[in-house]
Amino acid sequence: MRRRIHQERGCPGNPPALQLSRLLSNGSTGDPPGSPAGRGDGRRVNQPAKLRLVLAVLLGTAALGRILEKTGLCSQITFGRYVRQGRKLRVDPKLFIQDLQFNKVPVRVYQPKAASDGQRRGIIFFHGGGWMFGSLDTYEKVCRYISRESESVVVSVQYRLAPEHKYPAAYEDCLNATLHFMNNIEHYGVDPANVVVCGDSAGGNLAAAVCQTLAGRSDLPKLRAQILIYPGLQALDFNLPSYHQNRGVPLLFRERAAFFALQYLNGHALHMQEVLEGSHIPPDMRLKYRKWVSPDNIPEKFKVRGVKPLTPTDFVAEVYETVKRFCEPNLCPLLAEDAIVHQLPESFILTCEYDVLRDDGLLYKKRLEDNGVPVTWYHLEDGFHGIISLYDYCGFSFPSGKRGLDSVVNFLKSL
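For the structure given in this document, a descriptive report is provided here. (Residues numbered from 1 in each chain as written. Predicted model: local features only at pLDDT ≥ 70, side-chain atom pairs only at ≥ 80, totals over all residues. Heavy atoms only, no water.)

### Topic: the nonpolar core
For soluble globular proteins, nonpolar side chains are generally found buried alongside one another. Inclusion rule: Definition of nonpolar core: a set of buried residues of the types Ala, Val, Leu, Ile, Met, Phe, Trp, Tyr and Cys, connected through side-chain atoms within 4.5 Å. A simple rule labels every residue: compare its accessible area, found with a 1.4 Å probe on the protein chains alone, to the largest value its type can have, and call it buried under 20%, exposed over 50%, or partly exposed in between. The way it works is that DSSP assigns letters per residue, a run of H or I at least four long becomes a helix, a run of E at least two long becomes a strand, and they are numbered from the N terminus. Note on definitions: a residue-residue contact is assigned when non-hydrogen atoms from the two residues lie within 4.5 Å.
Formed by 86 residues in total, the largest nonpolar core has its most connected members in Phe-126, Val-157, Phe-181, Leu-206, Phe-238, Phe-326 and Tyr-364. Per element, the largest residue contribution to this core is nine residues, and it comes from helix H7 (residues 202–215). Beyond its immediate stretch of four places on either side in the chain, Phe-326 contacts Ala-235, Leu-236, Ala-261, Leu-262, Leu-265, His-280, Leu-331, Cys-332 and Leu-335. By size, the runner-up hydrophobic cluster in this structure holds 34 residues, among which are Phe-125, Tyr-139, Cys-143 and Phe-411.

Written out as structure tokens, the structure is:
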């Protein structure tokens, strides 16, 4: 039976700058003053101040990184990774935690200590960070929480990062780690019929790609489910409604989304402006994929605020030659053929209203449903990109991020 949608209350309807201003000023998501959400229901306590602080840290880190790079002390990327690096945590009394290597890929395995009546669920987790940032330590609290609360074995994968390691390095690491786990699953007390791939942001992209690759494999048990948390799933169109509505909303700006995709693909961000304008895709190919990547496939209620008609740009063949692998499903899973999509397992997709990647998730949800795949959709009306990665992170945790994380745990428990 197909699962039902959970969409949190909200009323989008203002230009991006005003939406962000209201989110910063009173924690509202566009609800009129005096409405239940506008008054606050206990879930947005301290959200405005925290979001201001997050934005200040984000901008300050970028500025300091540029200064350090100009002085030759370290690269901006190295500094960014250092700032995002999580600190070592104390021993968790409820979990066995060990660092291992799966097919030469570093992983961290979380296993509940409590006795189990039978085999446990296995979750393979791919972290976010634009394929350039993130680590096992960065997502330590998130993985511990998922493992404890869902009573599952969690394998967190440290794939190689761009720009040092270009596509398909991250995808290959995630696939190889997953294959190793599935082929040696008896060592971890996991039910081979209950393995789930999960990831957020770039990790959601990798989870979707791995899931598609394994969909047709007859030599392995089928994956039980995929969990995609505000995933980035295509690089053909950076002008979908959510890209314009949320172009200046942290933690992921529109330009940065294109920057990360280019760094992952090529190891540099040349031609970023052409990619943002859409001149990197041939007209015939754009027409071919329009059935899957189009504002027409996005519900009208998501087009209310900040959407403007676009002036077509001229195709630039030289740019296409440098980015044509954007059309590969292992890089952009939204472009997979129906023959693959209809084989995919039950899926959970989390989207955030204030996120440039919102529409990627909505478009993939439609593709899955059109191919008969059961989908649970959880939409955070007051959520922004990266909100779950901030769970219990240096005081930056947001109530809506905790609700999103709990929705993941509840989905896992329902399997």
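Text resumes after the structure shown.
### Remarks on unusual backbone geometry
Cis geometry marks the peptide bond from Ala-162 to Pro-163; its omega dihedral reads 5°. With respect to the helices and strands, Pro-163 occurs in the loop between strand E5 (153–157) and helix H6 (169–183). Each neighbour pair has its own omega, and for Pro-250 with Leu-251 the value is 10°, a cis peptide bond. By the secondary structure assignment, Leu-251 is in the loop between helix H8 (241–245) and helix H9 (254–266). With phi around 55°, Glu-151 is a residue other than glycine that occupies positive phi space. Take Glu-151: it is sitting in the loop between helix H5 (140–150) and E5. The backbone of Tyr-230 sits at a positive phi, close to 30°, despite the residue not being glycine. The topology assignment puts Tyr-230 in the loop between strand E7 (225–229) and H8. Take Tyr-230: its relative accessible area is 1%, and that puts it in the buried class.

### Here we look at the layout of surface pockets
Where we set the bar: Here a cavity is any set of points on a 1 Å grid over the protein atoms alone where a 1.4 Å probe fits but cannot get out, and a pocket is any open set with protein on both sides within 12 Å along at least 5 of 7 lines; a residue lines the site when it has an atom within 4 Å of a point. Grid points are joined across faces, edges and corners, and a volume is the space filled by probe spheres set on the points. Put simply, Ala, Val, Leu, Ile, Met, Phe, Trp, Tyr, Cys and Pro go in the nonpolar bin, Asp, Glu, Lys and Arg in the charged bin, and everything else, Gly too, in the polar bin.
Of the volumes computed, that of the second largest pocket is approximately 690 Å³. Sorting the residues of the lining of the second largest pocket by element identifies H8, helix H10 (272–277) and helix H11 (283–289) as the ones contributing at least two each. When residues in the lining of the second largest pocket are grouped by element, the largest group, four residues, is from H11. Per-class residue counts for the lining of the second largest pocket are 14 nonpolar, seven polar and nine charged.

### So, H7
Applied cut-off: Helices are assigned an expected span. That span is 1.5 Å times one less than the residue count.
For H7, built from 14 residues, the straight-helix expectation of 20 Å at 1.5 Å per residue is met to within 8% by its first-to-last C-alpha distance of 20 Å. Of all 14 residues in H7, 13 are buried, a share of seventy percent or more.

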